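Chain residues, written in single-letter form:
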Amino acid sequence: MIKKYLIAVLIIVLINLPTLAAQYTPEKYCTPAYDVSSKTNQVMSKMFGATFLAEKVGESIIKKQIKKETGHKFKVSLKSYSLRDLKRGIFKSLKITGKNLDIDGTKVSLFEAKTLCDFNYLDLSTDEIYNKSNILMDYSVMVTEKDLRETVNSKDYNAILQKVDLSAIGIKLLKLESVDIAIKDERLHVFLNISSGITSLFNKASNLKIEISTALNVVNNKINVYDVKLENTNKKLNIAKYLSLINFIDPLQYSMDAFQIPNGKLVINTVNIVDDKILVDGIIFIPKR
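Notes on the structure follow. (Residues numbered from 1 in each chain as written. Predicted model: local features only at pLDDT ≥ 70, side-chain atom pairs only at ≥ 80, totals over all residues. Heavy atoms only, no water.)

**Notes on helix α7 (residues 145–152)**
Listed in full, the buried residues belonging to α7 are E145, D147, L148, T151 and V152. Viewed along the axis of α7, the buried residues span an arc of 160°, placing them on a single side of the element. (Buried < 20%, exposed > 50% of the residue type's maximum accessible area, 1.4 Å probe, protein only. Helix = DSSP H or I, 4+ residues; strand = E, 2+ residues; numbered from the N terminus. Arc of directions from axis to C-beta.)

Below, the structure written as structure tokens:
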């Protein structure tokens, strides 16, 4: 029914940007309602149960399409003005909730997105579906320690590790072999396993194991690490050299990048660590075409 829009929503999807977040408000960006059926039509459609049935049929179609495209079951809530409006692509609200997702190797325990405008309009007249109103949604993402560990062990993430050039930060003749993750004491702990291609042939114990912990915030609409500390015995290492490396391999930002979409804006408002979970929320804005 609204396949391309729904898939775009799924692919969209995750402190220091209050002005950027504030500019995407319903008051400023929701499109005024137009082409909506009369109040009489809406009342009659609701009275005879046509609106309710249309919403349930729409939810079922959306669920099936999402399952087909992603392999995951999503909970869907759709609200419309009337049967006639929904057939034309006009609806009041849409809420999508997915749990335990795997998006191309990126693990996410919870993703939820819901529209913020009372009027949403999609052109369903051709195969090239597009939105005839601004689409404004808020979203939330929950990523657990287990999610991050599975993500850093994925094929795509390991391809990123192969591109890491340690010589760029002054570390010569060494290779980043693996990354592990833990969340504790409201900080993200990153374990780096660095080896020398020469010495490791003779002595596997020569690998350099570094544990770094960091707090998280949002800078320039990216999840950023700060207050970085060395947590193991390698206290003499220059931690400043590792800041760019940690930001580059940050698995949480990697997870959020999986939700970026073309022709739209993903605004990250906040990122918080609670117990063994990282919570991200923000705004999705897709301008009308």
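**What about the nonpolar core?**
Residues Y139, L188, L192, L216, I278 and V280 are the most contacted members of the largest nonpolar core, which totals 48 residues. With five residues, the top contributor of residues to this core is strand β7 (residues 135–144). Within the second largest apolar cluster, six residues are counted, among which are C117, L136, V267 and I283. (Core = buried A, V, L, I, M, F, W, Y, C linked by side-chain atoms within 4.5 Å.)

**Examining the sheet that holds strand β2 (residues 90–91)**
Spatially, the three strands line up as an open sheet ordered β2-β5-β6, and their pairing is antiparallel. Two strands lie at the open edges of the sheet, namely β2 and β6 (130–131), each paired on one side alone. Sheet topology places β2 next to strand β5 (residues 120–123); two bridges connect them, and they run antiparallel. Among the inter-strand pairings, I90 is bridged to a residue of β5, identified as Y121. (Pairing = 2+ DSSP bridges.)

**Observations concerning the sheet that holds strand β12 (residues 265–274)**
Whenever strands of a sheet pair, they do so through backbone hydrogen bonds, lying parallel or antiparallel. Strand order in the open sheet formed by six strands is β1-β3-β4-β7-β13-β12, with antiparallel pairing between adjacent strands. A strand with exactly one partner marks an edge of an open sheet, and here the two such strands are β1 (74–79) and β12. Direction aside, the axes of adjacent strands within the sheet are offset by 15° on average. As paired elements, strand β3 (residues 93–103) and strand β4 (residues 106–115) share eight bridges and run antiparallel to each other. Bridge pairing links K95 to K114 in β4. Its contacts with the sheet place helix α5 (residues 50–70) against β1 and β3, and it is angled at close to 145° to β1. Together, β4, β7 and β13 (277–286) form the strand contacts of α7, whose direction differs from that of β7 by roughly 85°. (Axes fitted to C-alpha atoms, helices over the stretch in contact; angles between N-to-C directions. Contact = heavy atoms within 4.5 Å.)

**Remarks on the pairing of strand β11 (residues 222–230)**
In this structure, strand β10 (residues 208–219) lies alongside β11, joined through seven bridges in antiparallel fashion. Bridge pairing in β11 places S213 opposite K229. Once β10 ends, the chain turns through two residues before running back antiparallel as β11, passing N220 with a positive phi of about 50°.

**Concerning the side chain of S213**
Mapped onto the secondary structure, S213 falls in strand β10. S213 sits in the buried class, given a relative accessible area of 0%. Here the side chain of S213 touches R187 through a polar contact of 3.0 Å, side chain to side chain. At 2.6 Å, the side chain of S213 forms a polar contact with the side chain of E231. (Polar contact = N/O pair within 3.5 Å; in protein donor to acceptor, adjacent residues only side chain to side chain.)

**What about unusual backbone geometry?**
A positive phi angle, close to 50°, is found at N100, a residue other than glycine. Relative to the helices and strands, N100 resides in strand β3.

**Considering the pattern of salt bridges**
Tallied over the full model, the rule gives 11 salt bridges. For the salt bridge of K107 with D102, the shortest nitrogen-to-oxygen distance reads 2.6 Å. Overall, the relative accessible area of 32% leaves D102 in the partly exposed class. Close ionic contact of R149 with D180 constitutes a salt bridge, the shortest N to O distance being 3.5 Å. Placement of R149 in helix α7 and of D180 in strand β8 (residues 174–184) is noted, with a sequence separation of 31 residues between them. By relative accessible area, which is 33% here, R149 ends up partly exposed. Residue class for D180 comes out partly exposed when judged on its relative accessible area of 31%. Ionic contacts of the salt-bridge type, sharing partners, join the residues D102, K107, K146 and E150 into one network. (Salt bridge = Lys/Arg side-chain N within 4 Å of Asp/Glu carboxyl O.)

**Considerations on a nonpolar patch on the surface**
A cluster of nonpolar side chains, contributed by V43, M44, M47 and F48, occupies part of the molecular surface with about 450 Å² of accessible area. With a relative accessible area of 58%, M47 lands in the exposed category. (Patch = residues over 30% accessible without salt bridge, like charges linked within 9 Å, V, L, I, M, F, W, Y side chains within 5 Å. Areas by Shrake-Rupley, 256 points an atom, 1.4 Å probe, with all protein chains shown as cover.)

**A word on the state of the cysteines**
Applying the stated criterion to the full structure yields one disulfide. Covalently, C30 is tied to C117 through a disulfide, its sulfur atoms 2.0 Å apart. Measuring the twist about the S-S bond at about -90°, one finds the C30-C117 disulfide to be left-handed. Within this pair, whereas C30 is found in the loop between α3 (26–29) and α4 (39–47), its partner C117 is found in the loop between β4 and β5, the two being separated by 87 residues in sequence. You can call C30 partly exposed: its relative accessible area is 21%. C117 sits in the buried class, given a relative accessible area of 2%. (Disulfide = S-S within 2.5 Å.)

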